[in-house]
Amino acid sequence: MGLKCGIVGLPNVGKSTLFNALTSAKALAANYPFATKDPNIGVITVPDPRLDHLAELVNPQKVLPTTIEILDIAGLIKGASKGEGLGNQFLANIREVDAIIHVVRCFDNTNVVHVDGSVDPVRDKEVIDAELMLKDLETVEKRLERLRKQAKTGKKEDLKLVAIAEKIKTHLEEAQPARSLELDEEGAALLKDMFLLTSKPILYVCNVDEDSVGSGNAYTEAFAKAVAGEPAEVIRISADIEAEIAQLESKEERQEFLEEMGLDEPGVNKLIRAAYHLLHLITYFTAGEKEVRAWTIRRGWKAPQAAGVIHTDFEKGFIRAEVIKYSDYVNLGSEHAVKEAGKMAVEGKEYVVEDGDVMHFRFNV
């Protein structure tokens, strides 16, 4: 399944610098608003040591990691919901993504102008929240108008939809994002059908200076308090450090640099893990002489759905799945050894795939 995340934030908070570091796409990063007019698109390879280990054991012709598509969306300003700046374009771009990576500035630098004249990540977040909610209110009001006309017939189902839409509208008017509203199955279906901007899962990235990556600073502390009640992930990254890592050629150089900075891993790894957790994603593997490959699916998917990620025919004609646990594959060293030890399971349509499963599908078209 293709996963698409959009990087958003006010101008000059480090979005494009982070995007460049994550994707090595060399997008324009400049110290003035709207340096990014159209969304830059890049692809992040998802690092997974399990894939590397399987490749060492199998020695395939190709190793194919899973990827995440990243959009660097134009900086938003106050009034975007009414078309100010590049508002309409910005908001249209957000509708395309599965999750929002909201970058907030948590560093001081007199050489980088802040669009509002001072650094305040909580205020910056509120500016973007307000614009997204205003746009969502506009969407909900239009839908509500149609639902009310529909409900004039007096049907119970239609009246219930009106009540749900009114509940969503009230929630937004109280400055609460749609994602934080608890709804029943019917309500969740209506909310999904509205494609609201604030219903998308969100990952906050506090862009900090080099000294604050480990322990944070006053800005990150204030921000963490402000979002404590939200169903969201929060991580700290220094876009400048990530940019330096991206410039290094070898794995050894990158590891040496990380050690010098007192870091265990690049920020991109943290970001990807947080995005996977946020979207309830897991990885399974296929392993053979031609290729060892990672596949991304949603947690809770059954074997036929997982097979469908490879090809729709695999799902349509699904017969069974041959499943090896990653730990068994690694401990025993090969598929043959796993079979000899009786550790390969044959699973049917109801099998719920687990993170790290090594799978082979049998199907008939």
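Preceding this section is the structure that the text describes.
Residues numbered from 1 in each chain as written. Predicted model: local features only at pLDDT ≥ 70, side-chain atom pairs only at ≥ 80, totals over all residues. Heavy atoms only, no water.

Description of unusual backbone geometry
Within the chain, Ala-175 stands out as a residue other than glycine whose phi angle is a positive 65°. Structurally, Ala-175 can be placed in the loop between helix H5 (156–173) and helix H6 (185–194). With phi around 55°, Phe-195 is a residue other than glycine that occupies positive phi space. According to the relative accessible area criterion, Phe-195 is exposed, its value standing at 56%. (Helix = DSSP H or I, 4+ residues; strand = E, 2+ residues; numbered from the N terminus. Buried < 20%, exposed > 50% of the residue type's maximum accessible area, 1.4 Å probe, protein only.)

Some details on H5
The end-to-end C-alpha distance of H5 is 26 Å, a good match for the 26 Å that 18 residues give at a rise of 1.5 Å each. All buried positions along H5 are accounted for by Asp-158, Leu-161, Val-162, Ile-164, Ala-165, Ile-168, His-171 and Leu-172. The inward-facing, buried residues of H5 abut helix H4 (121–150) and H6. Just past H5, the residue Ala-175 takes up positive phi, approximately 65°. (Expected span 1.5 Å × (residues − 1). Contact = heavy atoms within 4.5 Å.)

A word on the pairing of strand E8 (residues 281–287)
For a regular strand, the rule is simple: side chains alternate between the two faces of the sheet. Most of E8 is tucked away: seven of the seven residues are buried. Of the two faces of E8, both are covered, the one formed by Leu-281, Thr-283, Phe-285 and Ala-287 as well as the one formed by Ile-282, Tyr-284 and Thr-286. Here E8 hands over to strand E9 (residues 291–298) after three residues, the two strands then running antiparallel side by side. (Pairing = 2+ DSSP bridges.)

Re the pattern of salt bridges
Under the defined criterion, the tally for this structure stands at 21 salt bridges. With a closest N to O distance of 3.1 Å, Lys-160 and Asp-184 form a salt bridge. Taken together, the residues span a long stretch of sequence, with Lys-160 in helix H5 and Asp-184 in the loop between H5 and H6 at a distance of 24 residues. Lys-160 sits in the partly exposed class, given a relative accessible area of 34%. On the accessibility criterion, Asp-184 (40% relative accessible area) is partly exposed. Shared partners join several salt bridges into a network, and the residues in it are Lys-125, Asp-129, Arg-179 and Glu-230. (Salt bridge = Lys/Arg side-chain N within 4 Å of Asp/Glu carboxyl O.)

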